Each structure stands twice: as C-alpha cells, then as structure tokens.
Amino acid sequence: AFSRAPLAELPYAPFQPIFLVARANLDKGFPLLAPPSQAQPHPFVLHDVSEGDWLSFLEDTRAAANLTEKDLARSNLPIVSILPVVNLIVSYGVQKLMKSRKRSKVTATVDDWNHHFFEPRKMQVVLMKGQIKLSGLNEHPMGNLHTPLTAN
C-alpha cells in the first residue's frame with residue numbers, strides 16, 4: 001500500500017471524523033470493516049483508500065499488539081515451572097505486562113501508516129483510548145470529539 005501514490009484526480013475534501021471501536025483490547029484487533037460514515041460516497045472512496053489498504057492497516061495494528069512466539073516463550077518462567085498452577089498464574093501476569101507494553105509498537109505502526117499512506121491522501125488515523133490521543137506524528141488538537149461509547 002505504501003508504494004501506491006495517491007490518485008491526483010480525487011478532491012480529497014475534508015470530512016467529519018469517523019470511528020471504529022476495537023474489540024475489547026488492541027490485541028483482539030478492530031472489526032474488519034471501514035468505519036461507518038453517513039457521508040455518501042464513503043470518505044475512503046474520495047481519499048483513494050481501498051478495502052485492501054484498510055484491511056492491511058488493521059492487520060498491521062493487530063499484529064503489532066499481539067505477543068510473538070518469542071514473547072510467549074519468555075512468559076513461561078522456568079523457575080516456577082515445577083508448580084504448574086503457579087506457572088500458569090505467573091505466565092498470565094507476565095503476558096498481561098508484555099501486552100501493556102505493546103501500545104508503543106501499535107502507535108508507531110499507526111504513525112508509520114499515517115506518514116507513508118494516509119497523510120498523502122489528506123487524512124489521518126488517530127488511535128485513541130476514550131478522549132486520550134495515543135498516536136499521531138503531529139500535535140494538532142483533536143477538538144471536542146464526541147467519541148462513541150464502548151462497552152467494558
């Protein structure tokens with residue numbers, strides 16, 4: 001997707017913010033669909049973002065949030081492996097800690113996509129947790145966004 005230049009003939013007009021809510025946590029990813037929009041046609045059409053482009057972006061963010069095989073192997077501490085129940089509890093705790101540290105990798109992925117793909121198409125993807133902006137190469141204020149409510 002990064003190698004494809006934006007189409008010159010599109011208007012790239014501004015549009016109202018649109019939202020896609022993650023499934024529970026970042027490691028579960030986002031629904032594999034474009035963020036809903038009342039604008040017709042969808043803003044992605046007018047900004048040269050294909051379904052394949054968007055799905056690649058979602059997959060990259062999910063992959064950045066997930067633990068690798070190496071991470072999972074590190075979470076099994078051999079010191080407590082004599083007691084299987086304790087090992088499971090410690091392993092779970094270590095994995096939770098490792099996942100919490102993945103946020104910086106996810107935000108770096110979003111920033112990379114913004115820089116190489118979305119910004120040349122006159123748009124920006126922002127990763128937010130509630131009203132808190134987690135990603136973004138620039139510090140443009142987000143204004144008074146009314147983000148959708150999420151279930152805990």
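Whatever comes next refers back to the structure up there.
Here the structure is a predicted model, which means the values were calculated and not measured.

S.K.: Looking at this model, I keep getting lost on the layout of surface pockets. Mind explaining?
M.R.: A probe as big as a water molecule, rolled over the atoms, marks out the empty space that is left. Here the second largest pocket is characterised by a volume of approximately 150 Å³. Lining the second largest pocket are F15, Q16, P17, I18, F19, P36, S37, Q38, A39 and P43. Its residues assigned to classes, the lining of the second largest pocket comprises seven nonpolar, three polar and no charged.

S.K.: I keep staring at the environment of L33 and nothing clicks. Help me out?
M.R.: Counting through the fold element by element, L33 comes out in the segment before helix 1 (43–46). When its relative accessible area of 44% is taken as the criterion, L33 is described as partly exposed. Along the backbone, L33 and L58 are 25 residues apart, and their C-alpha atoms lie at a distance of 9.1 Å. If we ignore the near neighbours within four places in the chain, the residues touching L33 are L20, W54 and L58.

S.K.: I keep staring at the side chain of T107 and nothing clicks. Help me out?
M.R.: By the secondary structure assignment, T107 is in helix 5 (residues 103–118). Setting aside residues up to four positions removed in sequence, T107 forms contacts with L127, L134 and S135.

S.K.: In this structure, what is going on with the environment of A1? I would like to understand it.
M.R.: The topology assignment puts A1 in the segment before helix 1. What makes A1 partly exposed here is its relative accessible area of 40%. A C-alpha to C-alpha distance of 8.9 Å links A1 and H116, two positions 115 residues apart in sequence. Contact partners of A1, with chain neighbours within four places excluded, come to D53, W113 and F117.

S.K.: Just checking my understanding: could you explain unusual backbone geometry for this structure?
M.R.: Across residues other than glycine, the phi torsion is negative in most instances, and most of the peptide bonds are trans. Note that the residue after Q40, namely P41, is joined by a cis bond; omega there is -5°. You can see P41 is positioned in the segment before helix 1. One non-glycine residue with positive phi stands out, namely D48, at about 60°. Residue position: D48 is located in the loop between helix 1 and helix 2 (51–65).

What counts as what
- Residues numbered from 1 in each chain as written.
- Predicted model: local features only at pLDDT ≥ 70, side-chain atom pairs only at ≥ 80, totals over all residues.
- Heavy atoms only, no water.
- 1 Å grid on protein atoms, 1.4 Å probe; cavity = no way out; pocket = protein on both sides within 12 Å on 5 of 7 lines; lining within 4 Å.
- Points joined across faces, edges and corners; volume = space filled by probe spheres on them.
- Nonpolar A, V, L, I, M, F, W, Y, C, P; charged D, E, K, R; others polar.
- Helix = DSSP H or I, 4+ residues; strand = E, 2+ residues; numbered from the N terminus.
- Buried < 20%, exposed > 50% of the residue type's maximum accessible area, 1.4 Å probe, protein only.
- Contact = heavy atoms within 4.5 Å.

That's the geometry; what it means functionally is another story.
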